[in-house]
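Per-entry structural report
The chain contents come next:
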Amino acid sequence: MNNTQISLIAENYADALIKLGQDNSVSYDDILNSLNIIKEVCDTSKDLTMIFANPTISNSTKFSMIDEIFADTIQDNVKNFLKVIIEKKRFEELNGIIASFTKKLDEINSIKRVEVTSAIEMDENIKQRILEKLQLKLHQNVIAEWKIDTDIIGGLIVKIDDDVIDSSLRCKLENLSKHII
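Now for a description of the structure that goes with this document. (Residues numbered from 1 in each chain as written. Predicted model: local features only at pLDDT ≥ 70, side-chain atom pairs only at ≥ 80, totals over all residues. Heavy atoms only, no water.)

Both trends apply: most residues other than glycine have a negative phi, and most peptide bonds are in trans. Despite not being glycine, Ser-110 has its phi angle at roughly 55 degrees, a positive value. Considering the arrangement of structural elements, one finds Ser-110 in the loop between α6 (94-108) and β1 (111-118). Positive phi, close to 70 degrees, is recorded for Ile-153, a residue that is not glycine. Looking at the secondary structure, you find Ile-153 in the loop between β2 (141-148) and β3 (156-160). (Helix = DSSP H or I, 4+ residues; strand = E, 2+ residues; numbered from the N terminus.)

Take a look at the structure:
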């Protein structure tokens, strides 16, 4: 799950992107795909990230670079959005904006992201049964991030937002030892 800190500034910019999608000028999926392309390019090129965040480099130079690098790969509206956050010196908020936009998009689409940790790799049938039970309980579509942690010995740990359901054997043994002592 994404652990990016989301500032109020990032929330506001993500709201602007949501509004862009609501106006039907571009779809939410196209916005998200464009944002992910920008993030991928910036993650692979730290020099580019430093250029976009550098206040001593002119905006016109940065805008030319954006037009050249992302010529046919991202939506024009998202390209303009990128230029706005650079112009407003908010480029460092990009990851938070993407995280906030994704979170807001999940709410719109009634999607809940969870993290499921098990001691061993589970087969697809078991994963599907777990997803079905979570969807019934949460009344939302569930997207799970599957993790393995052999330290939990057995059982599962399910993280849903800030809630943790720990049915691991490690947790049960720790609770038992607290009652014995």
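What follows deals with the nonpolar core. In this structure, Leu-17, Ile-31, Ile-38, Leu-82, Ile-85, Phe-91 and Phe-101 are the most contacted members of the largest nonpolar core, which totals 29 residues. Elements that contribute at least two residues to this core include exactly α1 (8-22), α2 (28-44), α3 (46-53), α5 (76-87) and α6. Dropping the residues within four chain positions of it, Phe-91 is found in contact with Cys-42, Thr-49, Phe-52, Ala-53, Leu-82, Ile-85 and Ile-86. By size, the runner-up hydrophobic cluster in this structure holds 10 residues, among which are Met-122, Ile-130, Leu-156 and Ile-160. (Core = buried A, V, L, I, M, F, W, Y, C linked by side-chain atoms within 4.5 Å. Buried < 20%, exposed > 50% of the residue type's maximum accessible area, 1.4 Å probe, protein only. Contact = heavy atoms within 4.5 Å.)

Using the criterion set out here, one finds 13 salt bridges in the structure. A salt bridge links Lys-19 to Asp-23; the nearest nitrogen and oxygen atoms lie 3.4 Å apart. For Lys-19, a relative accessible area of 47% translates into the label partly exposed. On the accessibility criterion, Asp-23 (46% relative accessible area) is partly exposed. In this structure, Glu-115 engages Lys-147 in a salt bridge whose closest nitrogen and oxygen atoms are separated by 3.4 Å. In this pair, Glu-115 sits in strand β1 while Lys-147 sits in strand β2, placing the two residues 32 residues apart along the sequence. Assessed through its relative accessible area of 9%, Glu-115 is described here as buried. (Salt bridge = Lys/Arg side-chain N within 4 Å of Asp/Glu carboxyl O.)

Turning next to the pairing of β2. In this structure, β1 lies alongside β2, joined through eight bridges in parallel fashion. Bridge pairing in β2 links Ser-118 to Ile-148. Read from β1 through helix α7 (residues 124-138) to β2, the crossover connection turns out right-handed. (Pairing = 2+ DSSP bridges. Right-handed = clockwise from strand over helix to strand, strands pointing away.)

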